[in-house]
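Here are the chains, one letter per residue:
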Amino acid sequence: GGQAGDTGVIEAEGKVIAVADTQKENNLTVHIVSEPPVDTTVTFMARVDAGKRRASANNHTATHLLQAALRRVLGDHVEQKGSLVTAEYLRFDFSHFQKVSDEDIRKVEQDVNAAIRRNLPLEEVRYCPIEKAKEAGAMMLFGEKYGETVRVIRFGDSIELCGGIHTSATGNIGLFKITSESAISAGVRRIEAVTGEGADAYVYGMEAMLEEVKNFLNTPAVLQGVRKLVEENSELTRRLDDARKQRAASAREEFSKMIEENPDGFHYLVRQVDLLPELIKDIAFAMRREFPKLILVVGSVIDEKPMLTVMLGDEVVARGVNAGNIVREAAKEINGGGGGQPFFATAGGKTPGGIEAAILKAETLIKAQIAKG
């Protein structure tokens, strides 16, 4: 059933050897130890980590209750596709065609916890004929090969074939809490959950986080506080957007005054400015619509990060000039790189002091290619 092996120690002649894992191989229990015993002929005393075994047993039983709950809440199409049971948590993979809603997650949790509170006893049948198990409605893994006799584990109406350890009654589990639900492949979902002390720790952690949020918002009404914060943030974002538009309009006006037209009708704007790259981009696109023969090469340095922007009008691109190629070559001056489309490209770098050289190089390359065209 995907259960992790027991851990513990092996004692012999006063020496204690740690057992990191136990696995089944050819019907033999193999102990994975920290070091081999010196003498394998002596009598050994094996002591399992009882606490971890109890936790694993609780988690394993919880996977059975979980599968039964999923089938009740989501439908009989739910089938186990894999699982992992450890002392710390459980993982259960199952067939389902869509994300499990928050409402259904809550229903599944409530179903499992209701079964826990009923303190259902373990009903175990070893060496049960496989046909009899089928008649009882025991859940079987699709594609799994079973022998003539099987081990049947039952807790209330949860009946499964299983070879793992289980708690003697569901009440020992204490509390069941789902921590995540996700997709792992097409048509297969995964639920991770904790029980007992692990569930307590999870709930206390959530409470502590909620308390931190209360303190941060300085209000016990968390929902109202968060809603107010979101509304204030939206208003600030709107104001910043308006300010950015106004700044862009103003900057565009300033840029228009800086444009120089040469005798061939090309409109040049080549310089370093103190503007954010996104603002330069907005202005560049606006100016491109106005000037078909635009050659814009603008550099900026914000927070010690150099940025080069090249925007070309349609008639300039038609002459074979490619902004992406230009910017990649010029970016070497700022120890960086970049690229883009034939008419628009940007580059970032690591050397702020090289931005003037990068601007000059881009301008020179553009003029040279225009002259060739």
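Our subject is the structure that appears above.
Residues numbered from 1 in each chain as written. Predicted model: local features only at pLDDT ≥ 70, side-chain atom pairs only at ≥ 80, totals over all residues. Heavy atoms only, no water.

Side note on the overall build of the protein chain
Move 1: Looking only at helices and strands, the protein chain features nine helices and 17 strands.
Move 2: Computed over its C-alpha atoms, the radius of gyration of the protein chain comes to 34 Å, more than 25% above the 21 Å expected for a compact globule of 373 residues.
Move 3: Principal-axis analysis of the C-alpha atoms gives the protein chain an extent of 100 × 55 × 45 Å.
Move 4: Counting the 373 residues in the protein chain, one finds 37% classified as buried.
Move 5: Each charge class in the protein chain can be summarised by its mean position, and for the 47 positive and 54 negative side chains these summaries are 3 Å apart. (Helix = DSSP H or I, 4+ residues; strand = E, 2+ residues; numbered from the N terminus. Rg over C-alpha atoms; globule rule 2.2 N^0.38 Å. Buried < 20%, exposed > 50% of the residue type's maximum accessible area, 1.4 Å probe, protein only. Lys, Arg positive; Asp, Glu negative; His and termini not counted. Charge placed at Lys NZ, Arg CZ, Asp CG, Glu CD.)

A look at helix α2 (residues 102-117)
Move 1: With 16 residues, α2 should reach 22 Å at 1.5 Å per residue; the first-to-last C-alpha distance of 22 Å fits that figure.
Move 2: Buried residues along α2 sit against α1 (50-74), β10 (176-185) and β11 (188-195).
Move 3: Positive backbone phi, approximately 55°, marks Asn-119, located one or two places after α2. (Expected span 1.5 Å × (residues − 1). Contact = heavy atoms within 4.5 Å.)

Structural notes on the sheet that holds strand β3 (residues 28-33)
Move 1: Strands sit in the order β3-β2-β1-β4 across an open sheet of four strands; the sheet is antiparallel. On the outer flanks of this sheet lie β3 and β4 (45-48), each paired with one strand and no other. For this sheet the average axis-to-axis angle between neighbouring strands, irrespective of direction, equals 40°.
Move 2: Relative to β3, strand β2 (residues 15-25) runs antiparallel, the two sharing six bridges. Residue Lys-24 lies in a different strand from β3, and its bridge partner there is Thr-29. (Pairing = 2+ DSSP bridges. Axes fitted to C-alpha atoms, helices over the stretch in contact; angles between N-to-C directions.)

As for the nonpolar core
Move 1: The biggest cluster of nonpolar side chains holds 25 residues, and the ones touching the most others in it are Leu-66, Leu-70, Phe-94 and Phe-176.
Move 2: Secondary structure elements with two or more residues in this core: α1, β6 (90-95), α2, β8 (149-155), β10 and β11.
Move 3: In terms of residues, this core owes the most to one element, α1, which gives six residues.
Move 4: Core analysis: the next-biggest nonpolar cluster, separate from the first, contains 23 residues, Tyr-268, Leu-312, Ala-331 and Ile-366 among them. (Core = buried A, V, L, I, M, F, W, Y, C linked by side-chain atoms within 4.5 Å.)

Some details on empty space enclosed by the protein
Move 1: As enumerated under the stated definition, the model contains one cavity of 30 Å³ or more in all.
Move 2: By volume, the largest cavity is sized at about 40 Å³.
Move 3: Leu-65, Ala-68, Arg-72, Asp-111, Val-112, Ala-115, Arg-118, Leu-120, Phe-155, Asp-157 and Ser-158 are the residues that line the largest cavity.
Move 4: Within the residue set of the lining of the largest cavity, elements represented by two or more residues are α1 and α2. (1 Å grid on protein atoms, 1.4 Å probe; cavity = no way out; pocket = protein on both sides within 12 Å on 5 of 7 lines; lining within 4 Å. Points joined across faces, edges and corners; volume = space filled by probe spheres on them.)

What about the pattern of salt bridges?
Move 1: By the definition in use, this model includes 25 salt bridges.
Move 2: For the salt bridge of Lys-99 with Glu-181, the shortest nitrogen-to-oxygen distance reads 3.3 Å. Of this pair, Lys-99 sits in the loop between β6 and α2 while Glu-181 sits in strand β10, and the two are 82 residues apart along the sequence.
Move 3: Judged by its relative accessible area of 14%, Glu-181 falls in the buried class.
Move 4: As a salt-bridge pair, Lys-293 and Glu-315 come within 4.0 Å of each other at their nearest N and O atoms. Here the residue Lys-293 occupies a position in the loop between α6 (277-290) and β14 (294-302), and Glu-315 occupies one in helix α7 (residues 314-318), the gap between them amounting to 22 residues.
Move 5: Residue Glu-315 is classed as partly exposed on the basis of its relative accessible area of 39%. (Salt bridge = Lys/Arg side-chain N within 4 Å of Asp/Glu carboxyl O.)

Observations regarding the sheet that holds strand β17 (residues 344-348)
Move 1: Read from one edge to the other, the open sheet built from six strands follows the order β12-β13-β14-β15-β17-β16, with strand pairing classed as mixed. Edge positions in the sheet fall to β12 (260-261) and β16 (337-340), since each of these pairs with one other strand and no more.
Move 2: Bridging between β16 and β17 involves four bridges; their strand directions are antiparallel. Note on β17: the bridge partner recorded for Gly-338 is Ala-347.
Move 3: Most of the contacts of helix α9 (residues 355-372) go to β14, to which it runs at about 165°, and overall it touches β13 (267-272), β14 and β15 (305-312).

Focus: the environment of Asp-157
Move 1: Mapped onto the fold, Asp-157 is located in the loop between β8 and β9 (158-161).
Move 2: For the pair Asp-157 and Ile-359, spaced 202 residues apart in sequence, the C-alpha to C-alpha distance is 76 Å.

A word on the packing of aromatic side chains
Move 1: Scanning the entire structure with this criterion turns up three aromatic pairs.
Move 2: Taking 6.2 Å as the distance between ring centres and 20° as the angle between the ring planes, the aromatic pair formed by Phe-92 and Phe-94 counts as stacked.
Move 3: In this structure Phe-92 comes out as buried when scored by relative accessible area, which is 1%.
Move 4: Here Phe-94 falls in the buried class, since its relative accessible area comes to 0%.
Move 5: An aromatic cluster is built from Phe-285, Phe-343 and Phe-344, whose rings are joined through pairwise contacts.
Move 6: Here the guanidinium or amino end of Lys-293 rests over the ring plane of Phe-266, the centre of that ring lying 5.0 Å away. (Phe/Tyr/Trp six-rings, centres within 6.5 Å; stacked < 30°, edge-to-face > 60°. Lys NZ or Arg CZ within 6 Å of the ring centre and 35° of its normal.)

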